[in-house]
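Observations on chain architecture
The chain contents come next:
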Amino acid sequence: FDSSTVFTFAVPKEQLEHLIPECLTLDTFQDKWAFIAIAMVQTKDLRINGTPKFMGNDFFLIGYRVFVKYTDKRGKRLRGLYILKSETDSPKMTFRGNIFTHYNYTTTDININKENEKLEIYSNKSNFKINVINNEDKVALPTKSPFLNWKEARKFAGPLPFTFTYNNKTKEVLIIEGVRKNWKPKPLKVENYHFDFLEKLQLENCVLANAFIIENVLYQWEKGRKEVWK
């Protein structure tokens, strides 16, 4: 990951329960707030494990995820994300990603403008836009954030170790683990934002909880494993 810009939104947990499958539970804060993360990721040299670097691809990914927990067959409680929607600016990634993953990619346009410490990312097709500042020593949390400080906020800064998908018919859970290095979230000052995806969910009392950027992250997805949920 060349960079990963993540906005996390806090929502009263009752608002998100219908969006996740029966095998998962919401990862909550103060037993009140549940969270949706929107990650905007610029990849570099992304490729299948074991293939040479020149076969890698650079493209942009947008992931809309819910923070969840899952208890596996071993009784181990896993903290991760449930996929609501995935987008990319690469038709090649849409095609190949949907062969090798269950992320259900669609293709969209992505536009990025950088001017010194200011960063703008927007999409006309997906109708989202963010403006952030990435060079401030002391950044205040968003005004309505449920967190008291950035230490609390970092606990809900994706990406998380696991991603889950679920097949309702077979009751199979697919567990994919991400392995990362140099994961150092840096708070961002948010000037403004709009996500059409959030608007369409018609969530009540949805507030921006935090915004981070993570840069130069070595990231790898391990081979997924399946288990039947009962």
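Shown above is the structure to which this text applies.
Please read all numbers here as calculations on a predicted model, not as lab measurements.

Concerning the overall build of the chain
Regarding its fold elements, the chain presents 3 helices and 16 strands. Carbon and sulfur atoms make up 47% of the accessible area of the chain, which amounts to about 12700 Å² in all.

As for the environment of Tyr122
By secondary structure assignment, the location of Tyr122 is in strand E8 (residues 118–123). For the pair formed by Tyr122 and Phe195, sequence separation is 73 residues and the distance between their alpha carbons is 9.5 Å. Among all residues touching Tyr122, those that are not within four sequence positions of it are Asp109, Ile110, Asn111, Asn113, Phe128 and Lys129.

Some points on the packing of aromatic side chains
Counted by the stated rule, this structure contains 19 aromatic pairs. On the numbers, 5.2 Å between centres and 75 degrees between planes, the contact of Trp150 with Phe212 is edge-to-face. Taken together, the residues span a long stretch of sequence, with Trp150 in helix H2 (residues 150–153) and Phe212 in strand E14 (residues 207–215) at a distance of 62 residues. Each member of the pair, Trp150 as well as Phe212, is classed as buried. Ring geometry for Phe162 versus Phe164: centroids 6.4 Å apart, planes at 20 degrees, classification stacked. Sitting above the plane of the Phe156 ring, Arg79 keeps its charged end 4.9 Å from the centroid.

Points about the nonpolar core
In terms of nonpolar packing, the biggest core is built from 40 residues, with Phe7, Leu16, Met40, Phe164 and Phe195 touching the most fellow members. Ranked by residue count, the leading element in this core is strand E4 (residues 60–71), at 6 residues. With residues near it in sequence (within four places) discarded, Phe195 still touches Phe7, Phe9, Ile38, Met40, Asn127, Phe128 and Ile130. Core analysis: the second largest hydrophobic core is formed by 21 residues, Phe35, Trp150, Ala153 and Phe156 among them.

Describing the side chain of Asp196
Locating Asp196 in the fold gives a position in helix H3 (residues 196–201). Accessibility expressed as a relative area gives 18% for Asp196, which makes it buried. In this structure, Asp196 is in contact with Ser126 and Asn127, ignoring residues within four places of it in sequence.

Brief notes about the pattern of salt bridges
As enumerated under the stated definition, the model contains 11 salt bridges in all. Between Lys85 and Glu87 there is a salt bridge whose closest N-O contact spans 4.0 Å. Each of the salt bridges in this network shares a partner with another, and the network as a whole consists of Asp72, Arg74, Arg225 and Glu227.

A few points about the sheet that holds E8
Strand-to-strand pairing in sheets goes through backbone hydrogen bonds, with the strands running parallel or antiparallel. Taken in spatial order, the 4 strands line up as E7-E8-E9-E13 in an open sheet, and their pairing is antiparallel. Looking at which strands have only one partner, the edges of the open sheet turn out to be strand E7 (111–115) and strand E13 (189–195). Neighbour-to-neighbour, the strand axes of this sheet turn through a mean angle of 5 degrees, independent of strand direction.

A short note on the environment of Trp229
Tracing the chain through its elements places Trp229 in the segment after strand E16 (225–228). A relative accessible area of 27% means that Trp229 is categorised as partly exposed. Distance in space between the C-alpha atoms of Trp229 and Leu24 is 9.9 Å, their sequence separation being 205 residues. The residues touching Trp229, leaving out its near neighbours within four places in the chain, are Glu22, Cys23, Tyr70, Tyr166, Lys171 and Val173.

Some points on unusual backbone geometry
A positive phi angle is found at Asn127, which is not glycine, with a value near 60 degrees. Tracing the backbone through its elements, the reader meets Asn127 in the loop between E8 and strand E9 (128–133). Look at Gln202: it is not a glycine, yet its phi comes out positive at around 55 degrees. With respect to the secondary-structure elements, Gln202 resides in the loop between H3 and E14.

The rules behind these values
Residues numbered from 1 in each chain as written. Predicted model: local features only at pLDDT ≥ 70, side-chain atom pairs only at ≥ 80, totals over all residues. Heavy atoms only, no water. Helix = DSSP H or I, 4+ residues; strand = E, 2+ residues; numbered from the N terminus. Areas by Shrake-Rupley, 256 points an atom, 1.4 Å probe, with all protein chains shown as cover. Contact = heavy atoms within 4.5 Å. Phe/Tyr/Trp six-rings, centres within 6.5 Å; stacked < 30°, edge-to-face > 60°. Buried < 20%, exposed > 50% of the residue type's maximum accessible area, 1.4 Å probe, protein only. Lys NZ or Arg CZ within 6 Å of the ring centre and 35° of its normal. Core = buried A, V, L, I, M, F, W, Y, C linked by side-chain atoms within 4.5 Å. Salt bridge = Lys/Arg side-chain N within 4 Å of Asp/Glu carboxyl O. Pairing = 2+ DSSP bridges. Axes fitted to C-alpha atoms, helices over the stretch in contact; angles between N-to-C directions.

Note that all results are geometric; they support no functional claim without further evidence.
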